Amino acid sequence: MTVADVVILDSPEPLASHVAERLIAEITAAQAARGSASVVLTGGGMGGRTLAAVGELDTSAIDWSRVDLWWGDERFVRSGDEERNDRQARAALLDRLPLDPERVHVVPAADTVASAEEAAARYAEELATVSEAAGSRPTNGTAVPAFDVLMLGVGPDAHVASLFPELDAVTEQQATALAVHDAPKPPPDRVTLTLPAINAARQVWLVVAGADKAGAVALAANGAAAQQVPAAGVQGTERTVWFLDTAAASRLPAQATDES
Ligand SMILES: O=C(O)[C@H](O)[C@@H](O)[C@H](O)[C@H](O)COP(=O)(O)O
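1. Considerations on the environment of Ile198
So, point 1. If you trace the backbone, Ile198 turns up in helix α6 (residues 195–198).
So, point 2. Considering only alpha carbons, one finds Ile198 and Val160, 38 residues apart in sequence, at a separation of 9.8 Å.

2. Here's the deal with the sheet that holds strand β3 (residues 67–71)
So, point 1. As summarised here, the arrangement of the six strands in space is β1-β9-β8-β5-β2-β3, forming an open sheet in which the pairing is parallel. At either end of the open sheet lies a strand with only one pairing partner, and these are β1 (5–9) and β3. Ignoring which end each strand starts from, the neighbouring axes of this sheet average 15° apart.
So, point 2. Pairing between strand β5 (residues 149–152) and strand β8 (residues 203–208): four bridges, direction parallel.

3. Focus on the nonpolar core
So, point 1. Counting 85 residues, the largest nonpolar core has Ile198, Leu206 and Trp242 as its most contacted members.
So, point 2. If you tally residues by element for this core, the top one is helix α1 (residues 12–34), at eight residues.
So, point 3. Other than its neighbours up to four places away in sequence, Leu206 contacts Leu152, Val154, Val160, Ala231, Val234, Thr240, Val241, Trp242 and Phe243.

4. What to know about empty space enclosed by the protein
So, point 1. Taken as a whole and judged by the stated rule, the model has two cavities of 30 Å³ or more.
So, point 2. Approximately 60 Å³ is the volume found for the largest cavity.
So, point 3. Contributing to the lining of the largest cavity are Leu41, Thr42, Gly43, Gly44, Gly47, Gly48, Leu51, Trp71, Asn85, Gln88 and Ala89.
So, point 4. Contributions of two or more residues to the lining of the largest cavity are made by α2 (44–54) and α3 (85–92).

5. Considering the pairing of β3
If a strand is regular, its side chains alternate between the two faces of the sheet.
So, point 1. Counting buried positions over the five residues of β3 gives five, a clear majority of the element.
So, point 2. Because side chains alternate across β3, one face comprises the buried residues Val67, Leu69 and Trp71, and the other comprises Asp68 and Trp70, equally buried.
So, point 3. Pairing analysis gives five bridges linking strand β2 (residues 37–41) to β3, with the strands arranged parallel. Counted as the bridge partner of Leu41 is Trp71 from β3.
So, point 4. As for the winding sense of the linkage, the β-α-β connection from β2 through α2 to β3 is right-handed.

6. Side note on the pairing of β2
So, point 1. Of all the five residues making up β2, five are buried; the element is thus mostly covered by neighbouring parts of the structure.
So, point 2. Side chains of β2 alternate between two faces, with Ala37, Val39 and Leu41 and Ser38 and Val40 buried alike.
So, point 3. Bridge analysis of β2 against β5 gives two bridges, and the strand direction is parallel. Each residue of the ladder has a partner; that of Val39, found in β5, is Val149.

7. Here we look at α2
Think of an α-helix as turning once every 3.6 residues; residues three or four places apart then point the same way.
So, point 1. Regarding α2, the residues found buried are Met46, Gly47, Thr50, Leu51, Ala53 and Val54. For α2, the buried positions fall inside an angular range of 160° around the axis, keeping them on one side.
So, point 2. For α2, the elements touching its buried residues are α1, β2, α3, β5 and β8.

8. Quick notes on the side chain of Arg190
So, point 1. Structurally, Arg190 is set in strand β7 (residues 190–193).
So, point 2. One polar contact links Arg190 to Asp73, side chain to side chain, over a distance of 3.3 Å.
So, point 3. Among residues more than four places away in sequence, those in contact with Arg190 are Asp73, Glu74, Arg75, Phe76, Ala116, Ser162, Phe164, Leu178, Ala179, Val180, Ala183 and Lys185.

Definitions and cut-offs
- Residues numbered from 1 in each chain as written.
- Predicted model: local features only at pLDDT ≥ 70, side-chain atom pairs only at ≥ 80, totals over all residues.
- Heavy atoms only, no water.
- Helix = DSSP H or I, 4+ residues; strand = E, 2+ residues; numbered from the N terminus.
- Pairing = 2+ DSSP bridges.
- Axes fitted to C-alpha atoms, helices over the stretch in contact; angles between N-to-C directions.
- Core = buried A, V, L, I, M, F, W, Y, C linked by side-chain atoms within 4.5 Å.
- Buried < 20%, exposed > 50% of the residue type's maximum accessible area, 1.4 Å probe, protein only.
- Contact = heavy atoms within 4.5 Å.
- 1 Å grid on protein atoms, 1.4 Å probe; cavity = no way out; pocket = protein on both sides within 12 Å on 5 of 7 lines; lining within 4 Å.
- Points joined across faces, edges and corners; volume = space filled by probe spheres on them.
- Right-handed = clockwise from strand over helix to strand, strands pointing away.
- Arc of directions from axis to C-beta.
- Polar contact = N/O pair within 3.5 Å; in protein donor to acceptor, adjacent residues only side chain to side chain.

Structural data, given as structure tokens:
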């Protein structure tokens, strides 16, 4: 990882609250600058905690009807299945927001398409369509909107989204969304953004808590190859921020934790 910014908080809850405050500020700034905001959400525990923390804060500066929401990955299970990242996000926050349903872009579920491959193809098509319509081609030219903030959790094996170490999907350079099977983290069938799509975001935020992630964070900080350490392969076109709790940061070299 190019360590642009590392922010360390004591534990998961203050970390989630801090990320939530920053997210509200970035959405507000994007709407002031461009009239709308585009945010990619993450599954996992820190993703849910962060959304719940947003719900505890004042978001009155945000026009939620002008926010586009996407997911960095999704489990390929039936709509409404509690394993779905979109269902967990709705429960944590989204169902209480005045969002424009047309701007909540969910990955097709297993009861609506025949395969994870078809779900990935439809998601990629929607990303390209919205990108064209908004005229918001990102600076890396990928056929996705120029996301303002893309959030990621990180697994103990350094996976991000559903890009798990050694999968071909990690090194994909053309497609923006792919199907993943046999994922080591259940459920096995998923759809994920690829690194070109992730790295099209203006800001990529990795939100990581827990001592079980410290090794992955340290490997990413030491510039490991993305194939083995997918978290090392992400960076925003403008900024990359690692939001860590002290346990997840515990194996970082001292100089890597200088806040910018
Ligand atoms: O669909 C998923 O499972 C997530 O997108 C996944 O990439 C998650 O973010 C990491 O596994 C970290 O999860 P925790 O924050 O729960 O450790």
